[in-house]
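# Understanding the architecture of this molecule
Read off the chains here:
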Amino acid sequence: MYSRIVGTGSYLPVGVLTNADLEKRMETSDAWIRERTGIRRRHIAAAGETTVDMAEHAARAALDAAGCVAADIDLIVVGTCTPDVVLPNPGAMLQGRLGNRGGPAFSVEAACSGFIYALSLADKFIRSGESKRALVVGAETLSRITNPTDRSTAILFGDGAGAVVLAADDKPGVMSTHLRADGGYADLLYCTGGISKGHDPAGDHIVLAGSEVFRHAVTILGRIVDETLAANGLDRSAIDWLVPHQANIRIIQAAARKLNMPMERVIVTVEDHGNTSAASVPLALDVGVRDGRIKRGDLLLLEAFGAGFTWGAALVRY
Ligand code: COA
């Protein structure tokens, strides 16, 4: 038994924050941001618009694309580090919104690797026979934990959601997933507050040691790509599309070089979305599917890296 992606969907908030807007707020420039990150703009949730609101839009689009209704879903897994509230969990909230009852619904917190972690979990539920059809979502309102005047982070992060419907099938589908973490690097990328540590009413925010995280991301992603190919006995030439986490165009280019892939075979959304953490991989996947680049039968390599550090990859026959 395998799991297959039978539908994708995504959602971006209407509000857009451009590099020109940021130039007015802080000591930075459009040229610097584009050259160092590849980002031109990012979408920002409206006041009152939440992670679950965006997850619901993306989930409904994925259900439509899969040709199924919420009642067909027997598992919901949401990857996010920006839940609406501490409880109920965003998976259960999404289940309530969709009017789908009874199956397990939960969230996983693995920062930018959240969707890969969620996909891997849902794949295991389906492979074990415990679930038949799963909704897997990555959704974030990173703008709520980003200091809008900090030029080391405000230029990077955006909001959005992406989703896939996974269905049981006798053919893959998801061929393998690989999840990793190294908690020894917690100090390089973190949020200043939360729940049990306490909350700063003046605004908890993400702190990023940019160039150090950058170096680790390039090395670690190179390694996970090798591990994924080796586990499947495949050469890098077998990959049709790289669907990477969208943190920085230079990190994406390094991963493509490692795979010897031309950038034309990489789905890049960082220019228009910025880094949307757990939402970035399913958002990029949905863009590639809907614009017709990714076709049924193509072999996809999904990868992500984030705070923790956490990282992971999935090899998927679409
Ligand atoms: N505008 C203009 N100048 C800026 C700036 C900005 N927004 N941010 C930093 N700078 C300056 C720095 O102060 C520094 O100046 P100095 O040389 O006078 O000290 C210079 O630009 C270089 O800074 P540095 O941090 O070394 O730049 P960088 O090339 O590493 O780019 C990031 C910074 C954040 C874009 C990059 O490190 C990055 O993308 N890191 C990884 C992000 C990531 O993957 N995050 C999450 C994983 S999910």
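For the structure itself, look to the data block above.
These numbers were taken from a predicted model, which means no experiment stands behind them. (Residues numbered from 1 in each chain as written. Predicted model: local features only at pLDDT ≥ 70, side-chain atom pairs only at ≥ 80, totals over all residues. Heavy atoms only, no water.)

## What to know about the sheet that holds strand β8 (residues 174–181)
Spatially, β8-β13-β12-β11 is the arrangement adopted by the 4 strands of the open sheet, whose pairing is mixed. A single partner strand is all that each edge strand has here, and the edge strands are β8 and β11 (241–244). With direction set aside, neighbouring strand axes in the sheet form an average angle of 10°. Of the pairings in the sheet, the one linking β8 to strand β13 (residues 310–317) comprises 7 bridges and is antiparallel in character. Residue pairing across strands places Ser 176 opposite Leu 315, the latter belonging to β13. (Pairing = 2+ DSSP bridges. Helix = DSSP H or I, 4+ residues; strand = E, 2+ residues; numbered from the N terminus. Axes fitted to C-alpha atoms, helices over the stretch in contact; angles between N-to-C directions.)

## Remarks on the pattern of salt bridges
The final tally for this structure, using the stated rule, is 15 salt bridges. We note a salt bridge from Asp 30 to Arg 34, for which the minimum N-O separation is 2.8 Å. Here Arg 34 and Asp 30 lie together in helix α2 (residues 30–37), a separation of 4 residues that amounts to about one turn. Among the ionic pairs, Arg 40 bridges to Asp 272, the shortest N-O distance being 2.8 Å. Placement of Arg 40 in the loop between α2 and β3 (41–44) and of Asp 272 in helix α8 (residues 270–273) is noted, with a sequence separation of 232 residues between them. Residue Asp 272 is classed as partly exposed on the basis of its relative accessible area, which comes to 25%. (Salt bridge = Lys/Arg side-chain N within 4 Å of Asp/Glu carboxyl O. Buried < 20%, exposed > 50% of the residue type's maximum accessible area, 1.4 Å probe, protein only.)

## What about the pairing of strand β12 (residues 299–306)?
Among the 8 residues that make up β12, 8 are buried, leaving the element largely enclosed by the rest of the structure. The alternating pattern of β12 places Leu 299, Leu 301, Glu 303 and Phe 305 and Leu 300, Leu 302, Ala 304 and Gly 306 on opposite faces, both of which are buried. Taken together, the 4 bridges between β11 and β12 define a ladder with parallel strand orientation. Looking at the pairing, Leu 242 lines up with Leu 301 of β12. In this sheet, β13 lies alongside β12 in antiparallel orientation, the contact comprising 8 bridges.

## As for helix α4 (residues 90–98)
Within α4, the full set of buried residues consists of Pro 90, Gly 91, Leu 94, Gln 95 and Leu 98. All buried residues of α4 project into a common sector of 145° when viewed along the axis, lining one side. In the core, the buried residues of α4 are packed alongside α3 (51–66), β4 (75–79), β5 (105–108) and β6 (133–141). Residue Gly 99 follows α4 closely and has a positive phi angle near 70°. (Arc of directions from axis to C-beta. Contact = heavy atoms within 4.5 Å.)

## Overview of the packing of helix α6 (residues 210–231) against helix α7 (residues 249–258)
Working note: a packed helix pair is described by the angle between its axes plus the distance between those axes. For the pair α6 and α7, interaxial distance at closest approach is 10 Å and the crossing angle is 30°. As judged from the angle between their axes, α6 and α7 are roughly parallel. As for the relative orientation of α6 and α7, their crossing is right-handed in sense. Together, Phe 214, Ala 217, Val 218, Leu 221, Gly 222 and Asp 226 of α6 and Arg 250, Ile 251, Ala 254 and Lys 258 of α7 make up the contact between the two elements. By residue class, the composition of the contact of α6 with α7 is 6 nonpolar, 1 polar and 3 charged. (Parallel < 35°, antiparallel > 145°, perpendicular 65-115°, else oblique. Left-handed = near helix turned anticlockwise from the far one by under 90°. Nonpolar A, V, L, I, M, F, W, Y, C, P; charged D, E, K, R; others polar.)

These values are about where atoms sit, not about what they do.
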